[in-house]
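Take a look at the letters that make up each chain.
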Amino acid sequence: MTTHLNPSLVDPRYIQIKRKQAAEILGVSPATFDRMRKDDPDCPKGHTRGEAKMAQVYFRLSDIYEYSELLIQRSESASEPS
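Residues numbered from 1 in each chain as written. Predicted model: local features only at pLDDT ≥ 70, side-chain atom pairs only at ≥ 80, totals over all residues. Heavy atoms only, no water.

### Here's the deal with the overall build of the protein
- Scanning the protein from terminus to terminus reveals three helices and three strands.
- Along the protein, helices (α) and strands (β) appear in the sequence β-α-α-β-β-α when read from the amino end.
- Relative to its length of 82 residues, the protein is extended, with a C-alpha radius of gyration of 15 Å against a globular reference of 12 Å.
- Overall, the protein is about 55 × 35 × 20 Å in size when its C-alpha atoms are taken along their principal axes.
- Expressed as a percentage of the 82 residues in the protein, the buried residues total 21%.
- For the protein, the share of sequence-separated contacts (at least 6 apart) that also reach a separation of at least 24 residues comes to 52%. (Helix = DSSP H or I, 4+ residues; strand = E, 2+ residues; numbered from the N terminus. Rg over C-alpha atoms; globule rule 2.2 N^0.38 Å. Buried < 20%, exposed > 50% of the residue type's maximum accessible area, 1.4 Å probe, protein only. Contact = heavy atoms within 4.5 Å.)

Now the structure itself:
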């Protein structure tokens, strides 16, 4: 039995996604997303739920959406004629 969430109750500020999902939303590979996290100070760094060295990193869905919007804006301004 599959349970579906009521869309009116879903808020991206409270949805946590994994690294692979974040990369997929941004349209890049997980390795590229890792480089973006390292090299771009605006890229969400994520958070862990535990203190283990290999703890899973999670990202707030709204942060990934905001970062995607920033990337789109950067791309659009770079392609505008001078």
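### Observations regarding the side chain of arginine 37
- With respect to the helices, strands and loops of the structure, arginine 37 is situated in helix α2 (residues 30-39).
- We classify arginine 37 as buried; its relative accessible area is 18%.
- Within the local environment of arginine 37, its side chain forms a polar contact with the side chain of aspartate 34, the two groups lying 3.2 Å apart.
- Once you skip the residues sitting within four places of it in the chain, arginine 37 turns out to touch Arg19, Cys43, Pro44, Lys45, Val57 and Phe59. (Polar contact = N/O pair within 3.5 Å; in protein donor to acceptor, adjacent residues only side chain to side chain.)

### Some thoughts on the packing of helix α1 (residues 19-26) against helix α3 (residues 61-79)
- Two elements in contact, α1 and α3, have axes separated by 10 Å at closest approach and are oriented at 30 degrees. Overall, the two elements α1 and α3 adopt an arrangement that is roughly parallel. As for how α1 packs across α3, the hand of that crossing is right-handed. Side by side, α1 and α3 meet where Ala22, Ile25 and Leu26 of the first sit next to Leu61, Ile64, Tyr65, Tyr67, Ser68 and Leu71 of the second.
- Considered class by class, the residues forming the contact of α1 with α3 number eight nonpolar, one polar and no charged. (Axes fitted to C-alpha atoms, helices over the stretch in contact; angles between N-to-C directions. Parallel < 35°, antiparallel > 145°, perpendicular 65-115°, else oblique. Left-handed = near helix turned anticlockwise from the far one by under 90°. Nonpolar A, V, L, I, M, F, W, Y, C, P; charged D, E, K, R; others polar.)

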